[in-house]
Amino acid sequence: MTHRAAAVGLFLSACLLSAGILAAPAFAGVIGTNVPAQPITAARIAALPAAQQPAWKAYLDRSTAQEKADRAALAAELKPGEVAPPPPPSGHGDGGMALNKDAAWYATPEARHVADVIVSFQTPAGGWSKNQDREGALRLPGQPWASDNNSKYLSENDFDAARDPKWGYVGTLDNNATITEMRFLAKVAAQLPVQDGEAYRQGFLKGVRYLLAAQFPNGGWPQVWPLEGGYHDAVTFNDNAVSEAAALLTEVSEAKADFAFVPADLRAKAGAAARRGREVIVASQIRIDGKPTIWGQQADPFTLEPVAGRNFEPPALSTGESADLLMYLMSLPDPTSAEIAAVHGGVAWMKGAAIMGWEWTGKGDPDGRHLVEKPGAGPIWSRYYSRTTGKPVFGERDKTLRDNANELSRERRDGYSWFGAQPAKAIKAYETWVKSHPAK
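Below, the structure is looked at part by part.

### Some details on the pattern of salt bridges
One pass over the structure, following the stated rule, counts 22 salt bridges. With its nearest N and O atoms 3.0 Å apart, the salt bridge here joins E67 to R71. Of this pair, E67 and R71 both sit in helix 3 (residues 53-76), separated by 4 residues, roughly a single helical turn. Accessibility expressed as a relative area gives 15% for E67, which makes it buried. Look at the salt bridges and you will find they share partners, linking E67, R71, R163 and D164 into a network.

Okay, structure coming up:
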């Protein structure tokens with residue numbers, strides 16, 4: 001063991017002891033192996049209590065039928081023997097769908113072109129794929145709706161291996177997809193005469209129906225719908241999937257400015273769906289010894305227990321996603337008593353898990369990123385904390401779980417945000433929020 005690794009191991013134990021958490025030995029190297037999340041299947045549904053089975057069976061049947069319809073629609077766009085155009089190139093960022101421009105900009109030819117591209121790539125189900133440049137060309141007949149989103153680091157039995165490499169993320173909330181497209185369409189439609197904006201309004205309404213169809217019976221949303229299996233079938237807090245869907249549907253239900261055109265019956269359904277989304281957030285908060293803590297990155301759709309994501313993402317307490325969930329709950333104008341209690345519990349846990357006097361170095365370091373001692377630094381938080389030990393936990397692509405980030409491979413140290421400061425923003429917001437929502 002290197003001196004740096006030993007120091008970090010001792011540090012993590014010390015900081016956890018100071019937070020009142022019983023620490024395991026200072027350093028144990030590999031501490032376990034990650035296990036995959038289980039998909040939604042007929043067999044799992046059959047094992048549920050009888051009262052829950054009909055709703056989940058109908059949900060799975062709806063997903064299966066929609067995937068078949070989507071595939072058939074794509075095939076029908078091509079003439080016999082015609083070769084499909086290649087998938088659209090992958091992009092990054094907002095794909096040209098800026099949501100912070102002056103209102104007048106959304107009536108410009110530039111914005112309308114983006115909106116036309118968005119409409120052209122909307123799936124028959126009503127959603128969109130991710131990581132695409134919406135400033136590019138319109139979708140061609142027979143062209144896949146999704147880019148090549150397959151992992152370039154796949155290993156044997158990889159959690160991230162697609163069930164069908166040519167059919168992945170065909171409708172997703174990952175990387176803010178679908179929600180961003182919907183908000184952009186509404187902004188453009190709001191700036192245009194009724195007839196000129198009709199295609200964009202219809203695209204938005206189809207997106208609302210997509211969110212309603214994709215929502216689980218318990219109020220959660222998967223990462224991908226129609227369902228894709230694996231961790232994609234979990235209740236997904238990553239990238240704010242649940243909270244962003246609930247927030248948008250709340251605005252729709254209230255007929256906020258850009259959404260005033262939504263019919264009353266659809267607004268009512270959106271409001272009910274948003275309330276169920278809020279309920280599943282509270283229900284998924286992890287409790288340890290009866291006390292509320294924070295949330296996992298994903299939750300099993302049936303048990304709401306945290307589940308793994310990719311090979312290196314364990315079923316653990318996740319600070320980044322939890323900070324976002326706390327911010328969402330504190331933004332609610334009408335929080336329930338359960339939501340208020342969830343915020344108090346989550347912030348208290350975050351405060352106790354803060355790491356002071358240490359820094360996660362930058363990618364530019366000659367030997368890669370490391371956790372190093374630095375007086376005055378912090379607070380930072382580990383991305384993941386073990387439910388059983390309360391200690392930070394880190395993962396490798398080979399599915400091994402470790403208790404020391406400095407012992408990860410160079411590729412994993414540099415290629416993932418193992419430490420961050422997102423909870424600090426939530427704790428700061430809490431200082432104001434708690435004045436009007438005191439703990440009971």
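### Details of a negative patch on the surface
A cluster of acidic side chains, namely D94, E110, D133 and E135, defines a negative patch on the protein surface. Structurally, E110 is set in helix 4 (residues 109-120). Taking the relative accessible area as the measure of exposure, E110 reaches 44% and is therefore partly exposed.

### Points about empty space enclosed by the protein
A probe matching the size of a water molecule, rolled over the atoms, marks out where space remains unfilled. Summed over all chains, the structure comprises 2 cavities of 30 Å³ or more. By volume, the largest cavity amounts to about 60 Å³. The class makeup of the residues in the lining of the largest cavity is 5 nonpolar, no polar and 4 charged. By volume, the second largest cavity is sized at about 30 Å³. If you trace the second largest cavity, you find it lined by T319, G320, W381, S382, R383, S417, F419, G420 and Q422. Of all the secondary-structure elements, those providing two or more residues to the lining of the second largest cavity are helix 9 (319-331), strand 9 (381-382) and strand 13 (419-420). Partitioned by chemical class, the residues of the lining of the second largest cavity number 2 nonpolar, 6 polar and 1 charged.

Cut-offs applied
- Residues numbered from 1 in each chain as written.
- Predicted model: local features only at pLDDT ≥ 70, side-chain atom pairs only at ≥ 80, totals over all residues.
- Heavy atoms only, no water.
- Salt bridge = Lys/Arg side-chain N within 4 Å of Asp/Glu carboxyl O.
- Helix = DSSP H or I, 4+ residues; strand = E, 2+ residues; numbered from the N terminus.
- Buried < 20%, exposed > 50% of the residue type's maximum accessible area, 1.4 Å probe, protein only.
- Patch = residues over 30% accessible without salt bridge, like charges linked within 9 Å, V, L, I, M, F, W, Y side chains within 5 Å.
- Areas by Shrake-Rupley, 256 points an atom, 1.4 Å probe, with all protein chains shown as cover.
- Lys, Arg positive; Asp, Glu negative; His and termini not counted.
- Charge placed at Lys NZ, Arg CZ, Asp CG, Glu CD.
- 1 Å grid on protein atoms, 1.4 Å probe; cavity = no way out; pocket = protein on both sides within 12 Å on 5 of 7 lines; lining within 4 Å.
- Points joined across faces, edges and corners; volume = space filled by probe spheres on them.
- Nonpolar A, V, L, I, M, F, W, Y, C, P; charged D, E, K, R; others polar.

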